[in-house]
Amino acid sequence: MESLEELHKQLNSLGELRTIVKTMRALSAASIRQYEQAVSALSGYYQTVERGLHVVLKDMEMPLATGRHPHHPPRLAAIVFGSDHGLCGRFNEEITEYAIQRMASTAADPQNRLLLAVGTRVAASLEHAGQSIEEDFLVPGSANQITVTVQQILLKIDEWREQSDVHYVYLFYNRHSGGQGYRPTGIELLPVNLRRFHRLEEEPWPSRSLPTFSMNRERLLSHLLHQYLFVSVFRACAESQASEHSSRLAAMQSAQRNLDERLDEVTMTFRRARQNVITSELLDVVSGFEALTSDKD
């Protein structure tokens, strides 16, 4: 049986650990909110860019898809968003499994992929799964730092397209689904399917007439596509961050419940042990008193 001193040390350790878990839980809850706000603030701008592309492409002839020689399959590059820190369940493992599965279903050469990992933990998870990582970036520390990371990613994509003959670029990230849930998601960032913007013809326009433009069409299209890429990567990064903190919040809540149960168990054991010590001391006092009184008789 453990001594009172050992049980007291356990209680102190569990109490300190519970304080840490409670603090991490509060930080995760606050962080989720800032990334949710970033995604929400971006949705209006994303719709504006989509509508701008719809207007520019409305009377423009769509380019035909160019075929590639069957002996030279298209090269694929992917950006996988994960975390730098642990204590978030299977957050990195799930997006790793999903990304590998999606990439395997494409026509690209599996031996000629280029992978960029955003997060040291997901980079390690990908390497453990046998994938070669060309480069890894740190996860932004806050919503305000996402823009810098997105700019670095876009520069990397430009480098891939110009120097490595990359045809497909995919984004893989865990998409926040409200509450404490998320689901692995993948989107084909490049080549941009320009025909998808024509679906806006089926939706009501927010004003009475379509806007016009006086800027050169090709130049305007280039600017809008750049904004479209920026918004897509930004949203993927913010969604991944919200999902990470959501997963960590769930893990901390589970840890706090387990700690509370363990604290109750140790507290009860400590009280029983202390009562046993007190009872033993009282019995010693009574026994000593009885021995003294019996000697006098």
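Refer to the structure printed above.
Just so you know, these numbers come straight off a predicted model, no measurement behind them.

So, how was this worked out
- Residues numbered from 1 in each chain as written.
- Predicted model: local features only at pLDDT ≥ 70, side-chain atom pairs only at ≥ 80, totals over all residues.
- Heavy atoms only, no water.
- Helix = DSSP H or I, 4+ residues; strand = E, 2+ residues; numbered from the N terminus.
- Polar contact = N/O pair within 3.5 Å; in protein donor to acceptor, adjacent residues only side chain to side chain.
- Contact = heavy atoms within 4.5 Å.
- Pairing = 2+ DSSP bridges.
- Axes fitted to C-alpha atoms, helices over the stretch in contact; angles between N-to-C directions.
- Salt bridge = Lys/Arg side-chain N within 4 Å of Asp/Glu carboxyl O.
- Buried < 20%, exposed > 50% of the residue type's maximum accessible area, 1.4 Å probe, protein only.
- Core = buried A, V, L, I, M, F, W, Y, C linked by side-chain atoms within 4.5 Å.
- Phe/Tyr/Trp six-rings, centres within 6.5 Å; stacked < 30°, edge-to-face > 60°.
- Lys NZ or Arg CZ within 6 Å of the ring centre and 35° of its normal.

(A) Representation of the side chain of Thr185. If you trace the backbone, Thr185 turns up in strand E5 (residues 182-190). Here Arg183 takes part through its backbone oxygen, which lies 3.2 Å from a polar atom of the side chain of Thr185. Beyond its immediate chain neighbours, meaning those up to four positions away, Thr185 contacts Ile95, Tyr98, Leu171, Phe172, Tyr173 and Arg175.

(B) Representation of the sheet that holds strand E4 (residues 166-176) in the model. An order of E3-E2-E1-E4-E5 is seen for the five strands of this open sheet, with the pairing classed as mixed. In the strand order of this sheet, the two ends are held by strand E3 (135-137) and E5, each with one partner. The average angle at which neighbouring strand axes cross in this sheet is 20°, direction not considered. The pairing of strand E2 (residues 114-118) with E3 spans three bridges and is parallel. Bridge pairing in E3 links Leu116 to Glu135. Packed on one face of the sheet, helix H3 (residues 120-128) meets strand E1 (75-81), E2 and E3 and runs near 145° to E2. In the packing of helix H4 (residues 146-163) onto the sheet, contacts are made with E1, E2, E3, E4 and E5, and the angle to E1 comes to roughly 165°.

(C) Quick peek at the pattern of salt bridges. Tallied over the entire structure, the rule returns 11 salt bridges. One salt bridge connects Lys9 with Glu5, and the closest N-O pair in it is separated by 3.9 Å. With Lys9 and Glu5 both in helix H1 (residues 4-57) and four residues apart, this pair spans about one turn of that helix. In this structure, Lys9 and Glu5 share a single accessibility class: exposed. Residue Lys156 pairs with Glu135 through a salt bridge whose shortest N-O separation is 3.0 Å. Highlighted residues: Lys156 in helix H4 and Glu135 in strand E3, separated in sequence by 21 residues. Judged by relative accessible area, which is 8%, Lys156 ranks as buried. Three or more residues joined by partner-sharing salt bridges are found here, namely Glu134, Glu135, Lys156 and Glu159.

(D) How the structure looks around the nonpolar core. Counting residues in each nonpolar core, the largest one holds 45 residues, and the members touching the most others are Ile79, Phe81, Ile153 and Ile157. Listing elements by their share of this core, those giving two or more residues are H1, E1, E2, H4, E4, E5 and helix H5 (217-296). In this structure, Ile79 is in contact with Leu116, Val118, Ile153, Ile157, Trp160, Val169, Tyr170, Leu171 and Phe172, ignoring residues within four places of it in sequence. In this structure, Val80, Ile95, Ala117 and Val122 belong to the second largest nonpolar core, which totals 15 residues.

(E) Inspection of the side chain of Arg248 at higher detail. For Arg248, the position within the fold is in helix H5. Not counting the four nearest positions on each side in its chain, Arg248 is found in contact with Met24, Ser28, His85, Gly86, Leu87 and Cys88.

(F) Region of interest: the environment of Tyr45. By the secondary structure assignment, Tyr45 is in helix H1. Distance from Tyr45 to Tyr228, taken between C-alpha atoms, is 9.5 Å for residues 183 residues apart in sequence. When residues no more than four places from it in sequence are discounted, the contact partners of Tyr45 are Gln227 and Val231.

(G) Molecular detail of the packing of aromatic side chains. Scanning all chains against the criterion turns up six aromatic pairs. Ring centres of Phe91 and Tyr182 lie 5.6 Å apart, and the angle between their planes is 70°; this geometry places the pair in the edge-to-face category. Here the residue Phe91 occupies a position in helix H2 (residues 91-104), and Tyr182 occupies one in strand E5, the gap between them amounting to 91 residues. Considered together, Phe91 and Tyr182 belong to a single accessibility category, that of buried residues. One aromatic cluster in this structure is built from Tyr98, Tyr168, Tyr170 and Phe172. Over the face of the ring belonging to Tyr46 we find Arg235, whose NZ or CZ atom lies 4.3 Å from the ring centre.

(H) Spotlight on the pairing of E4. The buried fraction of E4 is high, at nine of 11 residues. Bridge count between E1 and E4: six bridges; the pairing is parallel. What sits directly across from Ile79, in E4, is Leu171. Across eight bridges, the pairing between E4 and E5 is antiparallel. Bridge pairing links Phe172 to Gly186 in E5.

Any link to function would need more than the numbers given here.
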